[in-house]
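Chain and residue survey
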Amino acid sequence: MTGLAVVIWAYGSTGQVMASSLLAVCSAVPYLLVSLFGGAAADRMNKKKIMLICDMAAAAGSLILLLCVSFQVLELWVLCVVNVLNGLMNAFQGPASQVSVTLLLEKRDYAKAGGIQSALGAVSGMLSPILAAALLGFGGLGLVLAVDLATFAFAFFVLLLFIRIPDSAGKKEEADPGSLRQSMKEAAVFLKGQKGILLLLVLYSVLEFLGAVSFDSMYSPLLLARTGNREIVVGIVSSVAAAGGLCASLWMSFSRQPKGKLRVMFAGSVMCLAGILLFGMGRSLLWWCIVVFIGCFGSPVYQTYQTVLLRERVPVSMQGRIFSLQGMITSGLTPAGCLLGAALADSVFEPYMREAGNAPKLLYRLVGSGDGAGMGLMFVLAGAAGIVICILMSGSPGIRKLEEED
């Protein structure tokens, strides 16, 4: 809620779209710079202490914003500083939280936990905008920040008083910068010797990038272009997409973890990519709703079982660094893919497909012509490329070894 409210405040105060983009950059860049360092710290230090310290730092940032709002001295640069702080804390808190889940659960419950996390994320994603808008309208940014601090206090004291996270190392580790640098080198050596895990991260990188180039950056523009700027269509399709992700998350939460995790992971990824491919071919609301449900059902399934495989095959003492690398991939490739996708759509694909006669007839049969056809073609190409890559990777001996039981 706070993230959305801050963006709304920044845009309303400056009237510039660049203000919200600047806030995103201030959060993402620090995360990218120190993420591996944060993962190494999570592997060598007490996970609970890391999460408590990061929570306190983030709460301090919210308190600063609340004081600035109260005294009417809040400015954009203050928001940027707080976002930098939040980005730094996320780089440490994220891997510590992921490793803690591994330590608190038995292997058979990894997929259920992933489903619960995905379900909570989906519910949060659906409710946060509504609650943020309601609180902003009722009491302004100050009320949102006050609620933020109240939820921090609840989570902080629950973690402090009621949750015991086992010590994976079994002994105290030194956490000086030299040892942490050595820890990151150990992670690089580990990945070189673990072909299956490395291939899994490569596959994750490719699929994240293909999703960012197509669906993540352009599903709303494509729908608006195809329907003559009917915002209601975007809203309906977005709701169906959220419902698809939520249904998949609930299914994983209440079902048994299957033995063939790789098959489930690849099935989820192919569903997601098929959804992207078919979405680009769509020209009606019903079609878009059906395929976006399929695609968004597959996405959390793929992501959950990819994480399950990492939890099972990466030693707990190394997981912080590996999950940090996974976070870096997402944080780095997603904005890069979104920018590239927008540039290709505006400069290459949309002009190419806008007028009938420029492209082969087969392309017009697939995606039509006129506004949105170029973006649709990008969706088709991205989805098809991803499906081919998944089929090829599923036959890799290195990937198949990840399925072997201990």
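Preceding this section is the structure that the text describes.
So, here's what we can say about the structure. This one's a predicted model, so the numbers in the text were calculated from it and none came from an experiment. (Residues numbered from 1 in each chain as written. Predicted model: local features only at pLDDT ≥ 70, side-chain atom pairs only at ≥ 80, totals over all residues. Heavy atoms only, no water.)

With that settled, consider helix H5 (residues 110-162). Each full turn of the α-helix corresponds to 3.6 residues, which orients residues three or four apart in the same direction. For H5, with 53 residues, the first-to-last C-alpha span of 21 Å runs short of the 78 Å given by 1.5 Å per residue. The sharpest bend along H5 measures roughly 125° and falls at glycine 139. (Helix = DSSP H or I, 4+ residues; strand = E, 2+ residues; numbered from the N terminus. Expected span 1.5 Å × (residues − 1). Bend = angle between axes of the 7 residues up to and from the residue.)

A separate point is the side chain of serine 255. One can find serine 255 in the loop between helix H8 (231-254) and helix H9 (261-281). Take serine 255: its relative accessible area is 18%, and that puts it in the buried class. A distance of 2.8 Å separates the side chain of serine 255 from the backbone oxygen of tryptophan 251, its partner in a polar contact. (Buried < 20%, exposed > 50% of the residue type's maximum accessible area, 1.4 Å probe, protein only. Polar contact = N/O pair within 3.5 Å; in protein donor to acceptor, adjacent residues only side chain to side chain.)

Among the nonpolar cores identified, the biggest contains 65 residues, and Met265 and Phe279 are the most heavily contacted of them. A per-element tally of this core places helix H7 (residues 195-227) first, with twelve residues. Discounting chain neighbours no more than four positions away, the residues touching phenylalanine 279 are Phe215, Tyr219, Leu222, Leu223, Val237, Trp287, Trp288, Val291, Val292 and Phe379. Counting 20 residues, the second largest nonpolar core, distinct from the first, contains Val6, Ala59, Leu135 and Leu145. (Core = buried A, V, L, I, M, F, W, Y, C linked by side-chain atoms within 4.5 Å. Contact = heavy atoms within 4.5 Å.)

In a regular helix each residue adds 1.5 Å, so 24 residues correspond to 34 Å; helix H3 (residues 47-70) covers 35 Å between its end C-alpha atoms and thus fits that length. One side-chain oxygen at the N-terminal end of H3 lies 3.0 Å from the backbone nitrogen of lysine 48; it belongs to asparagine 46. In the segment just after H3, glutamine 72 is the residue with positive phi, at about 55°.

Looking now at a nonpolar patch on the surface. A contiguous nonpolar surface patch, about 600 Å² in accessible area, is contributed by Leu104, Phe157, Leu160, Leu161, Phe162 and Ile163. If you tally residues by element for the nonpolar patch, the top one is H5, at four residues. Among the secondary structure elements, phenylalanine 157 is positioned in helix H5. A relative accessible area of 45% places phenylalanine 157 in the partly exposed class. (Patch = residues over 30% accessible without salt bridge, like charges linked within 9 Å, V, L, I, M, F, W, Y side chains within 5 Å. Areas by Shrake-Rupley, 256 points an atom, 1.4 Å probe, with all protein chains shown as cover. Salt bridge = Lys/Arg side-chain N within 4 Å of Asp/Glu carboxyl O.)

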